[in-house]
Every structure is written in structure tokens, then in C-alpha cells.
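Descriptive analysis of the structure
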Amino acid sequence: MPVTLWLSILPSAAAIILAMVTRQVIPSLLIGLWIGSFIAAPGLLTSVSKTVDYISAMLTDASNLDVLLFLYVFSGLVAIIQIAGGVKGFANYITKFLKSKRQVFLAAWALEPITFIDCGFRVVATGSIIKSLAKKLDISGERLAYMLNNSASPFIALIPIATTYVGYMLGVIGVGMRTAGVDGSPFLIFLQTIPFNFFSWVSMAIAIGSIFSPWQFPAMAKAEGASEGKEKDERARGLQPALSYETSEEISHNSDAAKDQMGVTMGKATDTPEEKHNHKSKGKPGHENMEHDHEMEVEPKLKPRMTNLLVPIVLLITLSFFMVWWDGRAKGGSLLEIFANANASRAMFLALFLTTIFTGAFYLVQGLSLRDISNQFIKGGNKLMVTIVILAVAWPIADVSNDLGLPKLITATLGTSLPAVWVPVTIFVVASLVTYFIGSSWGSWALMMPLGLSLAATAGASIPLTAAAVFSGGTFGDVTSPLSGMSAMSSGIAEVEHMDYIRAMTPYNLTAAVIAAGLFLVVPMFALFGV
């Protein structure tokens, strides 16, 4: 085996190691890409030129542009929905019916059908709706944040249409398939990963089960006990009334304290004015790695109406299914074949584009100015620019690694020595560790999918199961890492000290990860023996 083949692993390895050490994904990816370019074209100027060539090639690919545009437009649509008062209108309605802890938690999960389109939207919208009631019912901030976080990306990663995740996930699967030399439809592979995304299923089952269980892990039980004691003490001193329902204005006011924690890894729930100034002016550890840098609350410019949330979501879901069917119908066949033959990324982008135009017109009729719509759309889209830049640099790393012979290296080493049954669990563990240390599930997916699928192809392991292992590992880090943007957002909206939340929820997610690892090992064994 040529020694030069070993150099093919340097771009990805350098990017992963640097991201873990520096906790800065974009510079790490860029350095990894430059290292690969230098190996392919030695020399300072030639390697820089080669780096630009790889990025340009990625940006001029139509399917890649569909994914990047999808992310930008979707984030813009979410911002428009918020400014139109859809979230607040729904909050005003639902808070009338929640009167117990269990009802609040179940309501948080019941809101999935109207908040699943984006993780940041899910956490902010659901938190804004139920947070004030959680306080009145002595629900600790740690437990509220746990429910918000574990009902976001684990659930949304399973939805095959009409989310910010699906376009990205199709993109990384496509790059991984090209790197591994695997033919087929990325959309069909994604559909096949859904039942095998074990961490998502198990973590959600544990979270929902904890609603009905009288037992909690010690750190969470301590937080719940402290919350109840604090509320009782305040009521005894007359500082807080018994159960009552706050208005939407109070909900908005109570959300202000959470704004300053967004992106601060170990921020407090409340800060002094001086501390707030310092948080805003200083660098924020891990901030670059956040998939969704959403503001905690957007003040509506229209009268809050529930229809301003429901209409765009229903339209988007309907158009997404129709456009995918419309795009794939020409080749005929069964419904599954039609969906497999469709250019899903382009179809869903068209559905999103049409929905955004209609939604803007819908709000114009109600009196929202075109200027407000445009400004909010751009502001919302810009919140995903970090993710878009990550993709623009991460995807070319797969290309340069492929050009340097990474698939051949895997075939000559692990592909012949690592049993196929061990591939999914190995990839899950590695992806989990990478995501935990860099705090970015999307960055981890972009790094690990080409490696994982190349290893699966050479070892003869299941491609859908291995892709699901990559997604599961990324989701574990997304809801568990102290550096994760979603973890910071969840603790922020729940107004709880970030590391207190991390300590309280970690045992739940570690339990789910252990069970998921066992399933990634057992399921391939069952398949091997024909069970």
C-alpha cells in the first residue's frame, strides 16, 4: 500500500483534532482543507489556489446551492412567523388549559406538530408558551430545559420533510455517498435511517417516560426539590401568588432575562447590568458552533393570531409533499419510487420558496409592512450564516480526501480488518465524542458522514444503519455537550444556570447513548444471522 494514501486522512483528522482543541469549527475546517490542498498541490500559492478551487466547485454545484439556499430561506421564514405574532397568539390560547406539571410537560411534546420546522424555533416557541406556567407550578429550570432540548433535535432529525434539518441531512448523505462510491437516492437512504436513529428514539422515550415516573436521577431530583422549596418559601413570604396565569405581555417580559445567556457557555440566568455588558462585549466560547443563533424573543408587529403560525406550517408541509411527488412523478413507479427518483433538495426548496412568498403576502394583507418583512427575513436568514459557512468549508474536505485516496486507504486497512457488525457502533461512538467536544452536530455530520459511509462500503456494513449512527452520534452531542448551541439556548430560555442544567440532564442522555450503542451492535448481529 502506497505511503501517500495515509496522507488522505490528514485533512479530516486535522479538522477534527483542531475543532476539539480550539472549539472553533470554521477555522479548523479551513485549515484541514488547506492541508489537503497542500498535499494535492504543494506550494503556498498553489495550495491556496487549490483551496479556493475546491470551495468554488462546491458552491457552483446546483444540488449544494439548493441546500444552502434552503437553510437561509427557512431561517428567514421562521423569523417572519415570529414577528407576525403567530407564536404569541398560540401561547395566549394554550396557556388557559394547563394546570399541572404533567400537563405542562405533555403540552410541550404536543406542540411538536406546529414547532418541528426548526430546533431553535422549537425551543424558543415552546419555551415562550409554557415557561411562565412552569414557574408557577414549581417546575425547575433544569427539568424544563431538559424537556425543551430533548424534544427538539432528537425529534426533528427524524422528520423527512419541511424542516431546516432535512435539507442539510440530505446534503451530507449525498456527499458521503459520492465519497464512498455508493449509488442511489440520498432521500431514500435518509428514509431508511429513520427507524435506526436509535439515540433519537431512546432519548425521547426516556424524556417522555420521566414525565410519568416518580423517580428522577439525583441531580434532577435535587433541582426539582430546590425549585419547590424556593417557590413555597416565596409564597410564605408573600412574594409570589399561588397558581395564576400570566398574560402574553408577562411572558414576553420574563423572557428578557434569558436573552443574555444565549451563546454564553456558563452564563447565569440573571446578571447585573455590568455583567450583561461584559457578556455582550466579550467573546463567547463555543458561540461559533451554534447551529441556530436565534434571539430568545421577537416582539410581534401584528396582533398575535394563532393562524399566523398554523397557516404557513400547514402550507409548507402540503407543498413539500406535493413538490417532491411532482418532481419524481415523470419516471413513474410506486409512490416510494417516485419519492426516491425526485430531486428532493430542489423540490423542498421550491416548496419553501413558494410558502415564503405566500406567507409574506398573507402578512401584508394583515398590515405588516414590506420593510418589516424584508428586514426580518434577512435578519433571520443571516442567523444561519455560520452553518452555511461550515458547509461551504466542510464539504470540500470530503472532496479533497477522496482525491487523495481516502476510500482506498479505508479498503486497505479497516475495510478488511473491522467486522461489518462493528462498523455502526464504532461510528456512533466516534461521532458522539466528536460532537460532544466541538459542540456542533452539523459540523460533526459533515466530518463523519464521508468517513462512515466509506468504511461501511468497504467493510460490507449497512449504509442506512451507518448513516443513522452518524446522525445519532451528532444528536447525542447536540443535546448533551456544554458547548452545544441548543443546550445553551434551552438553559437560556428556561432561565437556569447552564452548567446546573448540564449536570442534571447528562445522566438521562448517557443512559440513552448506552442503550443506543447496544442497539447499533445488536441489530447488525441479528441481520447477520438472518433474524
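Numbers given to residues run from 1 along each chain, matching the order in which its sequence is written. In keeping with the model being predicted, local features are shown solely for residues with a pLDDT of at least 70 and side-chain atom pairs are shown and tallied solely at 80 or more, while totals for entire chains, interfaces and linings include all residues. Neither water nor hydrogens contribute to the side-chain values; these are computed over all heavy atoms in the structure.

**A short note on the overall build of the chain**
In this text, helices come from DSSP runs of H or I with a minimum length of four residues, and strands from runs of E with a minimum of two, each type numbered from the N-terminal end. Along its length, the chain carries 28 helices and zero strands. What makes two residues a contact is simply this: any of their non-hydrogen atoms within 4.5 Å. Expressed as a percentage of contacts within the chain between residues at least 6 apart in sequence, the contacts between residues at least 24 apart total 81%. Of the roughly 20500 Å² of accessible surface on the chain, 68% is carried by carbon and sulfur atoms. The protein chains shown are the only cover counted for residues, whose accessible areas, like all others here, come from Shrake-Rupley with a 1.4 Å probe.

**Details of the pattern of salt bridges**
A carboxyl oxygen of Asp or Glu within 4 Å of a side-chain nitrogen of Lys or Arg is what we treat as a salt bridge. Considering all chains together, one arrives at two salt bridges under this definition. Asp500 is the partner of Arg503 in a salt bridge, and the nearest nitrogen-oxygen pair spans 2.5 Å. Separated by three residues within a single helix, Arg503 and Asp500 lie in helix α28 (residues 498-528), roughly one turn from each other.

**Side note on the environment of Gly174**
Of note, Gly174 is situated in helix α11 (residues 164-180). Taking the C-alpha atoms as reference points, Gly174 and Ile189, 15 residues apart in sequence, are found 9.4 Å from one another.

**Focus: helix α13 (residues 198-212)**
What a helix should span is 1.5 Å times the count of its residues minus one. Spanning 15 residues, α13 covers 22 Å between terminal C-alpha atoms, matching the ideal 21 Å at 1.5 Å per step. Burial in α13 covers these residues: Phe198, Phe199, Ser200, Val202, Ser203, Met204, Ala207, Ser210 and Ile211. A 1.4 Å probe rolled over the protein chains alone gives each residue an accessible area, and that area as a share of the maximum for its type sets the label: buried under 20%, exposed over 50%, partly exposed in between.

**Re the packing of helix α9 (residues 141-150) against α13**
Packed helices, taken two at a time, are described by their axes: the angle between them and the distance between them. With their axes 10 Å apart at the nearest point, α9 and α13 run at an angle of 145° to one another. For the pair α9 and α13, the sense of crossing is left-handed. Counted together, Arg143, Tyr146, Met147 and Asn150 of α9 and Ser203, Met204, Ile206, Ala207, Ser210 and Ile211 of α13 form the full contact between these two elements. Looking at the contact of α9 with α13 residue by residue, the class counts come to six nonpolar, three polar and one charged. Between the N-to-C directions of two axes lies an angle of 0 to 180 degrees, each axis being a line fitted to C-alpha atoms and, for a helix, fitted only over the stretch in contact. Definitions for this section: a left-handed crossing has its near helix turned counterclockwise from the far helix by less than a right angle. A right-handed crossing has that turn clockwise. Under this grouping Gly is polar, as are all residues other than the nonpolar Ala, Val, Leu, Ile, Met, Phe, Trp, Tyr, Cys and Pro and the charged Asp, Glu, Lys and Arg.

**Re the side chain of Thr193**
With respect to the helices, strands and loops of the structure, Thr193 is situated in helix α12 (residues 186-193). Exposure remark for Thr193: the relative accessible area of 2% places this residue in the buried category. Counted as a polar contact is a pair of N or O atoms within 3.5 Å, where, for protein atoms, one must be capable of donating a hydrogen and the other of accepting one, and residues adjacent in sequence contribute only when both atoms are in side chains. A distance of 2.6 Å separates a polar side-chain atom of Thr193 from the backbone oxygen of Phe190. Beyond its immediate chain neighbours, meaning those up to four positions away, Thr193 contacts Pro464, Ala467, Ala468 and Phe471.

**A word on the packing of aromatic side chains**
Classification of ring pairs rests on two measures: the distance between centres of Phe, Tyr or Trp rings, Trp counted by its six-membered ring, which must be within 6.5 Å, and the angle between planes, read as stacked under 30 degrees, edge-to-face over 60 and tilted in between. Applying the stated rule across the entire model yields 17 aromatic pairs. A ring pair is formed by Phe322 and Trp325, whose centres lie 5.8 Å apart and whose planes are at 40°; its orientation type is tilted. Of this pair, Phe322 and Trp325 both sit in helix α17 (residues 307-328), three residues apart, roughly one helical turn. Residue Trp325 is classed as partly exposed on the basis of its relative accessible area of 35%.

**Some remarks on the environment of Ala152**
Turning to its location among the elements, Ala152 is positioned in the loop between α9 and α10 (153-156). Judged by its relative accessible area of 0%, Ala152 falls in the buried class.

**A look at a nonpolar patch on the surface**
Patch membership requires over 30% relative accessible area and the absence of a salt bridge. Like charges are linked within 9 Å, and nonpolar side chains (Val, Leu, Ile, Met, Phe, Trp, Tyr) within 5 Å. Together, Trp34, Phe38, Leu44, Leu45, Val48 and Val52 line one region of the surface with nonpolar side chains, adding up to about 590 Å² of accessible area. Elements supplying a minimum of two residues to the nonpolar patch: α2 (25-40) and α3 (44-59). For the nonpolar patch, the element with the highest residue contribution is α3, accounting for four residues. For Leu45, a relative accessible area of 71% gives the class exposed.

**Things to note about the confidence of the model for the chain**
It should be kept in mind that the predicted coordinates are not to be read in detail where pLDDT is low. Scored from 0 to 100, pLDDT records how confident the predictor is in each individual residue. Of the residues in the chain, 77% reach a pLDDT of 70 or more, and the chain-wide mean stands at 76. When mean pLDDT is taken per element in the chain, α13 scores highest with 93 and helix α15 (residues 248-259) scores lowest with 35. A low-confidence stretch, residues 238-296 (pLDDT under 50), is modelled with 141 contacts involving residues beyond four sequence positions or located in other chains.

**Details of the side chain of Asn149**
As for its placement among the helices and strands, Asn149 is situated in helix α9. Given the relative accessible area of 0%, Asn149 is considered buried.

**Quick look at the packing of helix α4 (residues 62-83) against α17**
The interhelical angle for the contact between α4 and α17, taken along N-to-C directions, is 155°, at an axis separation of 10 Å. Between α4 and α17, the interaxial angle falls into the category roughly antiparallel. On the side of α4, the interface is formed by Phe74, Leu77 and Ile81, while α17 contributes Asn308, Leu309, Pro312 and Leu316. Classifying every residue of the contact of α4 with α17 gives six nonpolar, one polar and no charged. Here roughly perpendicular refers to angles of 65 to 115 degrees, roughly parallel to angles under 35, roughly antiparallel to angles over 145, and oblique to all remaining angles.

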